[in-house]
Amino acid sequence: MAEGRCAQCARYFLIVFNFIFWISGGVIMGTGIFLLASDEVETSLSAMIDMNIPLEFVYTAACIMIGVGSFVFFVGFCGCCGAMRESAIMLGIYIGCMVVVMLGELGAGIYVAVEKGNIEDTIRGDLANSVQNYTGHGNSTIDFLQVKASWVTVSKQLSSHSALLHWLAGVKFKCCGADNYTDYQRSFWFLDQTERNKQYVPGTCCAGEGKDAATFRPFEFPTCNSEAQSAAQAWDTFEQLHPWGCYSSLLEWIEDQSLTLIGVGVGIGVIEIFGIIFAVWLCRNRTEYYD
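Reading guide: rules and limits
Residues numbered from 1 in each chain as written. Predicted model: local features only at pLDDT ≥ 70, side-chain atom pairs only at ≥ 80, totals over all residues. Heavy atoms only, no water. Salt bridge = Lys/Arg side-chain N within 4 Å of Asp/Glu carboxyl O. Helix = DSSP H or I, 4+ residues; strand = E, 2+ residues; numbered from the N terminus. Buried < 20%, exposed > 50% of the residue type's maximum accessible area, 1.4 Å probe, protein only. Axes fitted to C-alpha atoms, helices over the stretch in contact; angles between N-to-C directions. Parallel < 35°, antiparallel > 145°, perpendicular 65-115°, else oblique. Left-handed = near helix turned anticlockwise from the far one by under 90°. Contact = heavy atoms within 4.5 Å. Nonpolar A, V, L, I, M, F, W, Y, C, P; charged D, E, K, R; others polar. UniProt positions renumbered as here; feature names shortened; annotations may be inferred. Phe/Tyr/Trp six-rings, centres within 6.5 Å; stacked < 30°, edge-to-face > 60°. Disulfide = S-S within 2.5 Å.

**Description of the pattern of salt bridges**
Next up, step 1: Scanning the model with the defined rule gives three salt bridges in all.
Next up, step 2: Across the pair Glu-86 and Arg-11 runs a salt bridge whose closest N-O atoms are separated by 3.5 Å. Of this pair, Glu-86 sits in the loop between helix H3 (55-85) and helix H4 (88-114) while Arg-11 sits in helix H1 (residues 5-37), and the two are 75 residues apart along the sequence.
Next up, step 3: Classification of Arg-11 by relative accessible area gives buried; the value is 9%.
Next up, step 4: Across the salt bridge formed by Asp-179 and Arg-124, the nearest N and O atoms sit 3.0 Å from each other. Highlighted residues: Asp-179 in the loop between helix H7 (163-168) and helix H8 (188-191) and Arg-124 in helix H5 (residues 116-132), separated in sequence by 55 residues.
Next up, step 5: The class for Arg-124 is partly exposed, based on a relative accessible area of 38%.

So this is what it looks like as structure tokens:
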């Protein structure tokens, strides 16, 4: 057994931590395998989030999950078994893998910081594309954002004292289009309409109720449509239309969550550092019994 109380604590920490790590890797890997094996995943995901998801995207995501899950599974196995058997070889592999993981996370953080402008441009371009190629109710990413925004807003109005709905209010977007509601007037959907009963925005841009695009119904669509048609009306006077674009609302939400994301990242990094320190400590204070 490991010599000294500190070494024993390090051993128990590594066993518990890496057992959890090992299980999580198996879950991720199993989910990826299920996505590849199941014939109904694409349909189920599309029905759940109201978007047409290409099959190639699902397969790519599944392969990534299998790869990441396999790596996590292997690292957790080496750490857990290495701590249990006090094996210098397995602990050495574990330390090397954890260093690679930390370098990868650091590289990803630097990449996001350096490429922040390009990433934001990509998000804006994708949203603009979704609006430009909009073909109807409930078939795009933009509908998904607009419906969730409207549902949360209505729920908050119905029960403003609910703690759950107060939390949900933090993820509302209240948006329409990429930059603003006038984006739809340059879309193929708008240009293909006849002058009679012309719709200037989809119903998902309006205040209403419904948990998804298929069931969503605006409260007063004629009023909302009139507000979208009136270019001279001040945005703060709109009663039914959400005039602001989803791009700025989405970036604002991401910035609001940045402290939480940074905190989670720092927490994970600290645990990984402790894992490396404890593994090194155990290697230096182990017995020779198992080797």
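**Examining the packing of H5 against helix H10 (residues 246-285)**
Next up, step 1: Relative to each other, H5 and H10 sit at 140°, their axes nearing to 10 Å. Considering the angle they form, H5 stands oblique to H10. The chirality of how H5 crosses H10 is right-handed. For the pair H5 and H10, the contacting residues are Glu-120, Ile-123, Arg-124 and Leu-127 in the first and Cys-246, Tyr-247, Leu-250 and Leu-251 in the second.
Next up, step 2: Classifying every residue of the contact of H5 with H10 by side-chain character gives six nonpolar, no polar and two charged.

**Quick look at the packing of H1 against H10**
Next up, step 1: It is the contact of H1 with H10, at a shortest axis distance of 9 Å, that shows an interaxial angle of 130°. For the element pair H1 / H10, the angle class is oblique. Every pair of crossing elements has a handedness; the one defined by H1 and H10 is left-handed. The residues of H10 that touch H1, namely those facing Cys-6, Ala-7, Ala-10, Arg-11, Phe-13, Leu-14 and Phe-17, are Ile-271, Phe-274, Gly-275, Phe-278, Ala-279, Trp-281, Leu-282 and Asn-285.
Next up, step 2: Partitioning the contact of H1 with H10 into residue classes produces 12 nonpolar, two polar and one charged.

**So, the UniProt feature "transmembrane region" (unreviewed entry) in the protein chain**
Next up, step 1: Under the UniProt annotation, "transmembrane region" (unreviewed entry) lies at residues 12-37, 57-79, 91-114 and 259-283.
Next up, step 2: What you have in residues 12-37 is 100% helix and 0% strand, and the ends, taken at the C-alpha atoms, are 37 Å apart.
Next up, step 3: For the annotated span residues 259-283, helix accounts for 100% and strand for 0% of the residues, and the straight-line distance between the end C-alpha atoms is 36 Å.

**Structural notes on the packing of aromatic side chains**
Next up, step 1: Tallying each qualifying case throughout the model produces 13 aromatic pairs.
Next up, step 2: For the ring pair Phe-190 and Tyr-200, a centre distance of 5.3 Å and an interplane angle of 50° mean the geometry is tilted. Residue Phe-190 is found in helix H8, and its partner Tyr-200 is found in the loop between H8 and strand E1 (208-209); the two are separated by 10 residues along the sequence.
Next up, step 3: A relative accessible area of 8% means that Phe-190 is categorised as buried.
Next up, step 4: On the basis of relative accessible area, Tyr-200 is assigned to the buried category, the value being 15%.
Next up, step 5: Ring centres 5.8 Å apart and planes at 40° place the aromatic pair Phe-274 and Phe-278 in the tilted group. In this pair, Phe-274 and Phe-278 are both assigned in helix H10, four residues apart and thus about one turn of the helix distant.

**Considerations on the state of the cysteines**
Next up, step 1: Enumeration over the complete set of coordinates arrives at three disulfides.
Next up, step 2: With a sulfur-sulfur separation of 2.1 Å, Cys-176 is cross-linked through a disulfide to Cys-205. Residues Cys-176 and Cys-205 share a disulfide whose torsion about the S-S bond is about 80°; that sign makes it right-handed. Here Cys-205 lies in the loop between H8 and E1 and Cys-176 lies in the loop between H7 and H8, a separation of 29 residues in the sequence.

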